[in-house]
Amino acid sequence: MFSADQLIAGFDRALRAVAGVATASRPSPGEGVPESDLGAEERAQAAALMRVNHVGEVCAQALYQGQSLTARNEDAKSALLKAAHEEEDHLAWSADRIRELGGRPSLLNPVWYAGSFAIGVAAGALGDKWNLAFLAETERQVEEHLSGHLERLPSQDVRTRAVVEAMRADEARHRATAVELGAADLPAPVKLAMRFASKVMTTVAYRI
């Protein structure tokens, strides 16, 4: 059973994630980095890529909240909540950068959150070994996704690149923590299904 405090805190986090009003506990890596002289097309591309990253962080908030609610082991629950807290920094950083670039968040954020939360609850219900496995694989795929964005971002857009590089470093640390806590290796079909779902999300979020 979930306590009233857990439910209220979870609902508050969901509203802030969907509304794009998350507050970072760490300063943005882009602070102090000068703005580059980008053309209109380059700014639009960077904003679209950061919108995709922001959707990824909305999904991460939902996943980890759902997983932490059904996690049985306190170490696993602690790792999930810590990851969610750091992902909230990513949520704020990416939202700020979207605004700086003149873009907007995805219009489908409520849909992304609801679907990811349901997946997170289901993953947690399978047991901590598989819960952590889902965390590790999610972070591995996000690392790849962010590396791909670094290749696509304009080379002179050092402000956006600083944010994405810091996010990627955090994801790598979350994955390593999950593995240290005993994450299993997900079956190949599950990994492929996750990759397919991610591809759908990133393609749609780039435009909407």
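Procedures and definitions
Residues numbered from 1 in each chain as written. Predicted model: local features only at pLDDT ≥ 70, side-chain atom pairs only at ≥ 80, totals over all residues. Heavy atoms only, no water. Helix = DSSP H or I, 4+ residues; strand = E, 2+ residues; numbered from the N terminus. Buried < 20%, exposed > 50% of the residue type's maximum accessible area, 1.4 Å probe, protein only. Areas by Shrake-Rupley, 256 points an atom, 1.4 Å probe, with all protein chains shown as cover. 1 Å grid on protein atoms, 1.4 Å probe; cavity = no way out; pocket = protein on both sides within 12 Å on 5 of 7 lines; lining within 4 Å. Points joined across faces, edges and corners; volume = space filled by probe spheres on them. Core = buried A, V, L, I, M, F, W, Y, C linked by side-chain atoms within 4.5 Å. Contact = heavy atoms within 4.5 Å. Salt bridge = Lys/Arg side-chain N within 4 Å of Asp/Glu carboxyl O. Expected span 1.5 Å × (residues − 1). Arc of directions from axis to C-beta. Axes fitted to C-alpha atoms, helices over the stretch in contact; angles between N-to-C directions. Left-handed = near helix turned anticlockwise from the far one by under 90°. Parallel < 35°, antiparallel > 145°, perpendicular 65-115°, else oblique. Nonpolar A, V, L, I, M, F, W, Y, C, P; charged D, E, K, R; others polar.

(A) Inspection of the overall build of the protein at higher detail. When helices and strands are tallied, the protein shows 7 helices and 0 strands. Along the chain direction, N to C, the helices and strands of the protein fall in the order α-α-α-α-α-α-α. Per-residue burial for the protein yields a buried fraction of 49% across its 208 residues. Looking at the protein as shown, the accessible area adds up to about 9900 Å², and 61% of this sits on carbon and sulfur atoms.

(B) Structural view of the layout of surface pockets. The space that makes up the largest pocket amounts to roughly 560 Å³. In terms of lining, the largest pocket is formed by 27 residues, of which the most central are Cys59, Leu63, Ser116, Ser198 and Met201. For the lining of the largest pocket, the secondary structure elements donating two or more residues are α2 (40-70), α4 (109-125), α5 (128-152) and α7 (188-207). Counting residues per element, the lining of the largest pocket draws most heavily on α2, at 8 residues. In this structure, the second largest pocket occupies an estimated 330 Å³ of space. Residue lining of the second largest pocket: 13 residues in total, with His145, His149, Arg152, Lys199 and Thr202 positioned closest to the centre.

(C) Seen up close, the nonpolar core. The biggest cluster of nonpolar side chains holds 19 residues, and the ones touching the most others in it are Tyr64, Leu132, Phe134, Leu135 and Ala178. For this core, the secondary structure elements donating two or more residues are α2, α3 (74-100) and α5. Those residues in contact with Leu135 that sit more than four places away from it in its chain are Tyr64, Gln67, Leu80 and Ala178. In this structure, Leu153, Val163, Val164 and Met167 belong to the second largest nonpolar core, which totals 14 residues.

(D) Highlighting the environment of Asn131. Its place among the elements puts Asn131 in helix α5. A relative accessible area of 1% means that Asn131 is categorised as buried. Sequence-wise, Asn131 and Gly120 are 11 residues apart; in three dimensions their C-alpha atoms are separated by 8.3 Å. In this structure Asn131 touches Gln67, Ala71, Leu80, Ala123 and Gly124, once residues within four positions along its chain are discounted.

(E) Looking closely at the pattern of salt bridges. All chains considered together, the criterion is met by 15 salt bridges. Residue Arg173 pairs with Glu86 through a salt bridge whose shortest N-O separation is 2.8 Å. Of this pair, Arg173 sits in helix α6 (residues 158-180) while Glu86 is found in helix α3, placing the two residues 87 residues apart along the sequence. Overall, the relative accessible area of 10% leaves Glu86 in the buried class.

(F) Region of the structure containing α4. Its 17 residues place the ends of α4 24 Å apart at the C-alpha level, agreeing with the 24 Å of an ideal helix rising 1.5 Å per residue. Buried within α4 we find Asn109, Trp112, Tyr113, Ser116, Gly120, Ala123 and Gly124. What you see down the axis of α4 is that its buried residues fit within an arc of 95°, all on one side. With its phi angle positive at about 115°, Gly127 sits one or two positions after the end of α4.

(G) How the structure looks around the packing of α2 against α4. It is the contact of α2 with α4, at a shortest axis distance of 7 Å, that shows an interaxial angle of 35°. Crossing angle aside, the handedness with which α2 passes α4 is right-handed. Contacts between α2 and α4 involve His54, Val55, Val58, Cys59, Gln61, Ala62, Leu63, Gln65, Gly66, Gln67, Leu69 and Thr70 from the former and Asn109, Trp112, Tyr113, Ser116, Phe117, Ile119, Gly120, Val121, Ala123, Gly124 and Ala125 from the latter.

(H) Geometry of the side chain of Glu57. When you line up the elements, Glu57 lands in helix α2. In this view, Glu57 contacts Glu87, His90, Leu91, Ser94, Met167 and Glu171; residues no more than four positions away in its chain are not counted.

(I) Seen up close, the packing of α2 against α3. Between α2 and α3, whose axes approach to 8 Å, the crossing angle comes to 160°. Here α2 is positioned roughly antiparallel relative to α3, judged by the angle of their axes. In the packing of α2 onto α3, the handedness of the crossing is left-handed. Across the contact of α2 with α3, the residue classes tally to 12 nonpolar, 7 polar and 8 charged.

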